[in-house]
2 protein chains.
Amino acid sequence: MFTNQEINLDILKKRAFNLRWASVPEGVIPLTAADPDFPCAPEIAEAINRYTSDRYFSYAPAEGHLFFREAVANFHVTKRNLNTKPDCVIAVDSAAYGIQMVCKAFIQSGDEAIVFNPVDFLFKYCVEANKGVAIPFPVPLQPDAGIDFELLEGLITHKTKMICLCNPLNPTGKVFTKAELEQLGNLAVKHQLIILSDEIWSDIVFAPNVYNSIASVNEAIQQQTIIVTGYSKSYGLAGLRVGAVIAPNDILFEKLMIASGHQSTVHGCNVLAQVAVTSALNECEYWLQNFVAHLTNMRNICVEGLNKINGIYCPSPQGCYLVFPDITATGFTASELQTILLEKAKVAVVPGLSQWFGERAAGHIRISFATSDEIIQESLYRITKAMSNL
Amino acid sequence: MFTNQEINLDILKKRAFNLRWASVPEGVIPLTAADPDFPCAPEIAEAINRYTSDRYFSYAPAEGHLFFREAVANFHVTKRNLNTKPDCVIAVDSAAYGIQMVCKAFIQSGDEAIVFNPVDFLFKYCVEANKGVAIPFPVPLQPDAGIDFELLEGLITHKTKMICLCNPLNPTGKVFTKAELEQLGNLAVKHQLIILSDEIWSDIVFAPNVYNSIASVNEAIQQQTIIVTGYSKSYGLAGLRVGAVIAPNDILFEKLMIASGHQSTVHGCNVLAQVAVTSALNECEYWLQNFVAHLTNMRNICVEGLNKINGIYCPSPQGCYLVFPDITATGFTASELQTILLEKAKVAVVPGLSQWFGERAAGHIRISFATSDEIIQESLYRITKAMSNL
């Protein structure tokens, strides 16, 4: 199911942008943006085609279609142990826009939001787009290392409005334990902070690690939490631009709907994207389980292969289909190594630049392994050979 | 092709929101949001299904796929006599977001934009969302009446940054003549103002009226103009959320891309929506011509029928599938008449409220006629009967 034969490189070279196959020179393997090389589940395509065959694409409800909101709520009740319902769900044009919408609703000029360092750039980007200040909170690069909650509490001021949590954490691959989430949630409750919980990676967790949503820890924490999720990572739907925002608290939900711009039709979510996600959640769990089983193997191969290379230290991620090796001992900066790998190994990676992941990402590169055994093995062979010839 | 048999009310009652079939009580005819009752062209559904069958929905380019940008540019070169190219086109998540993006790019706090009165609310909404000031410019309610350009020039101050043009003009149905566009464009050039040209209705023009894009008048005007268009009106694709922004001026294009939020992936345009529009523009001109021919008949029936009712005066629109009759002589306000028609005629209309169309819309109601002969006749029968029994 996740074999090399399944991958259609001809199509990827036409359709996969954002630093991927259609954006790199011929011959380069792009282990860059987190987007799978595999086609989506067939059930998703069938659902889109069934809906399309009626030839009606009228205006959708501002909050999203009921079938979508039911599927998302049902998933969070049954798979995330969350006390929620369709009325708490908003269909959004990507998890990225979901983050922007939460910041628009709750961050005013000068407000502070705590943003882990390192983490994907979107939290900082959206906090600043709403004239807030992103306060960096250093977290370990090692996925299984603990969090310094005293340090975190020390960063909270009267201006702090929000804590931004990305769990599993892109790029380090940390999956937060229930005990960590409880400590974090209790801090938010104590200081009355919104928890923006980015759960886009929550399906991609490697056993024996177990995913918990911070909103499921207890009712008080749930009332402070807004979940943002998306379906590009788990189901390969990046180009459909679709995510969900879930706010169990009615007052927060209302503020989000006002901030959304959905009532004016300036923003909203494409109906076929909603159909695709509904199929993914209702029909494609088997597909996701097979995908995660395959990714577990790819992770092990990547970690083992990279750790054999002189100067590279690669911890094993607990979640996300990303490795984030420390490359400082190679003597190169992340940007230098990116260029070397692109030119000598014909493999594209993402450098750990401050603007992408925060300052603590320096000396690291990010590699996505959502591809076939053959492509991973070929990439490792090329990287190893290029590094040994330096 | 545009017969009553083509309309699938069962599907519309499940899918058509935003004040339409799925939002109104059973038995009510919703002549409200401008969204056709007819299914889309079969070629569009076929194109979506072909693309979907490959099962790849990877990240699209930030500006939109080349096939989309080529189709949009080619349309504007061949049908709008515009000197443009694919590099000038950005795929956007609806014309509404296109307007918001233009305002974000060019309106700063305190800047003024001239907004016709009456016109659809989105200009004012987006100018104010970017902390600008919308300066109302009164225009005639009668589609064939002229524009007072001296009055317009008198409204321009050192703070004025933009003129917002909706052509054809929703809700009055005015199609601007080339001479009017030249005067308007020359004013913008003289005062160095951006022309935000909302052309979402430009396909829906009734002979002998002819559509001209203000950008096609001359090169100087084109350099100041940003075209925003969408495909919900002409092709029934509102739920796909897709539009295009066209900026022939490179510097303006660059500012728009920065304002778009597309590079960060916070915003963007769904790939299937881009596929749908590409098919519409490349394959469905015959469909649009038939649709406009049908709409011409519907307009004539509406205008004739409404003018027979005591107290209603309905000018004939030159474009848009909307009539905007003056109902002041009925003695009711627009909101009162809306309620009467909903309760007694079971027909839903849009009242000419200031928040939807500006202050000069008072005493008017808006009726969309993008439906079948039978549904229009039934609506007119019901309205006539309800009004005669008052």
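Fair warning: this is a prediction, and the values are worked out from it, not measured in the lab. (Residues numbered from 1 in each chain as written. Chains lettered and ligands numbered in written order. Predicted model: local features only at pLDDT ≥ 70, side-chain atom pairs only at ≥ 80, totals over all residues.)

**Q** Go over the environment of Phe-357 of chain A, please, and point to the residues and values.
**A** Residue and element names in this part refer to chain A. Here Phe-357 lies in helix α14 (residues 354-357). By the C-beta count within 10 Å, which is 26 here, Phe-357 ends up buried. A sequence separation of 146 residues divides Phe-357 from Tyr-211, and the C-alpha atoms of the two residues are 22 Å apart. Apart from the residues within four sequence positions on either side, Phe-357 is in contact with Pro-118, Val-119, Asp-120, Phe-121, Pro-171 and Gly-352. (Helix = DSSP H or I, 4+ residues; strand = E, 2+ residues; numbered from the N terminus. Buried ≥ 20, exposed ≤ 12 C-beta atoms within 10 Å, placed from the backbone. Contact = placed C-beta atoms within 7 Å.)

**Q** Residues and numbers for the interface of chain B and chain A, please.
**A** As a measure of interface size, the accessible area lost when the parts come together is often cited. Chain B puts 48 residues into the contact, and the matching count from chain A is 48 residues. In terms of residues, the side of chain B that touches chain A owes the most to one element, helix α2 (residues 42-53) of chain B, which gives six residues. Per-class residue counts for the side of chain B that touches chain A are 26 nonpolar, 15 polar and seven charged. (Nonpolar A, V, L, I, M, F, W, Y, C, P; charged D, E, K, R; others polar.)

**Q** Describe in detail the packing of α2 of chain B against helix α11 (residues 271-283) of chain B, supporting the description with residues and values.
**A** Residues and elements named next belong to chain B. Where α2 contacts α11, the two axes come as close as 8 Å, and the packing angle between them is 135 degrees. Classed by the angle they form, the pair α2 and α11 counts as oblique. α11 is crossed by α2, and the crossing has right-handed handedness. The segment α2 lies against α11, with Glu-43, Ile-44, Ala-47, Ile-48, Tyr-51 and Thr-52 engaging Leu-272, Val-275, Ala-276, Thr-278, Ser-279, Ala-280 and Glu-283. Tallied by class, the residues present in the contact of α2 with α11 amount to eight nonpolar, three polar and two charged. (Axes fitted to C-alpha atoms, helices over the stretch in contact; angles between N-to-C directions. Parallel < 35°, antiparallel > 145°, perpendicular 65-115°, else oblique. Left-handed = near helix turned anticlockwise from the far one by under 90°.)

**Q** Would you mind going over the relation of the copies chain B and chain A in detail, with residue names and values included?
**A** Rotating chain B by 180 degrees and translating it 0.0 Å along the rotation axis places it on chain A, where the RMSD comes to 0.0 Å. Taken together, the turn and the small shift mark the pair as related by a two-fold rotation axis. The C-alpha atom lying nearest the rotation axis in chain B is that of Asn-49 of chain B; the distance is 2.8 Å. With an isologous cut-off of 70% or more, the 100% of interface residues of chain B that recur at the interface of chain A puts this contact in the isologous class. (Least-squares fit on C-alpha atoms with pLDDT ≥ 70 in both.)

**Q** Account for the packing of helix α12 (residues 285-307) of chain B against helix α15 (residues 373-388) of chain B, naming residues and giving values.
**A** Residue and element names in this part refer to chain B. Direction vectors running N to C along α12 and α15 enclose 10 degrees, while the axes themselves pass 10 Å from each other. When the axis of α12 is compared with that of α15, the two are roughly parallel. Where α12 approaches α15, its residues Met-298, Ile-301, Cys-302 and Gly-305 are matched on the opposing element by Ile-376, Gln-377, Leu-380 and Thr-384. In terms of residue class, the contact of α12 with α15 is built from five nonpolar, three polar and no charged.

**Q** Go over the sheet that holds strand β11 (residues 350-351) of chain A, please, and point to the residues and values.
**A** Sheets are built from strands that pair by backbone hydrogen bonding, the pairs being arranged parallel or antiparallel. All names here are of chain A. Strand order in the open sheet formed by three strands is β9-β12-β11, and the pairing between neighbours is antiparallel. The open sheet has two edge strands with one neighbour each: β9 (322-323) and β11. In this structure, β11 lies alongside strand β12 (residues 365-368), joined through two bridges in antiparallel fashion. The partner of Pro-351 across the bridge, within β12, is Ile-365. (Pairing = 2+ DSSP bridges.)

**Q** A description of the sheet that holds strand β12 (residues 365-368) of chain B should follow, citing residues and the corresponding values.
**A** Residues and elements named next belong to chain B. Ordered by their spatial adjacency, three strands build an open sheet running β9-β12-β11, and the pairing between neighbours is antiparallel. Of all the strands in the sheet, the pair left with one neighbour each is β9 (322-323) and β11 (350-351). Bridge count between β9 and β12: two bridges; the pairing is antiparallel. Of the residues in β12, the one forming a bridge with Val-323 is Ile-367.

**Q** Before we move on, can you summarise the confidence of the model for chain A with the specific residues and values?
**A** Put simply, chain A has an average pLDDT of 98, and 100% of its residues get 70 or more. We note a pTM of 0.98 for the whole complex and an ipTM of 0.98 for its interfaces. (pLDDT = per-residue confidence, 0-100.)

**Q** Could you give me a rundown of the domain arrangement of chain A, with the residues and numbers involved?
**A** Residues and elements named next belong to chain A. Looking at the assigned domains, one finds that chain A contains domain 1 (4-41 + 285-388) and domain 2 (48-283). For domain 1 versus domain 2, the separation of C-alpha centres amounts to 25 Å. Taken together, the 28 residues of domain 1 in the interface contact 31 residues of domain 2. Here the element with the most residues in the side of domain 1 that touches domain 2 is helix α12 (residues 285-307); it accounts for five residues. (Domains from an automatic or database assignment.)

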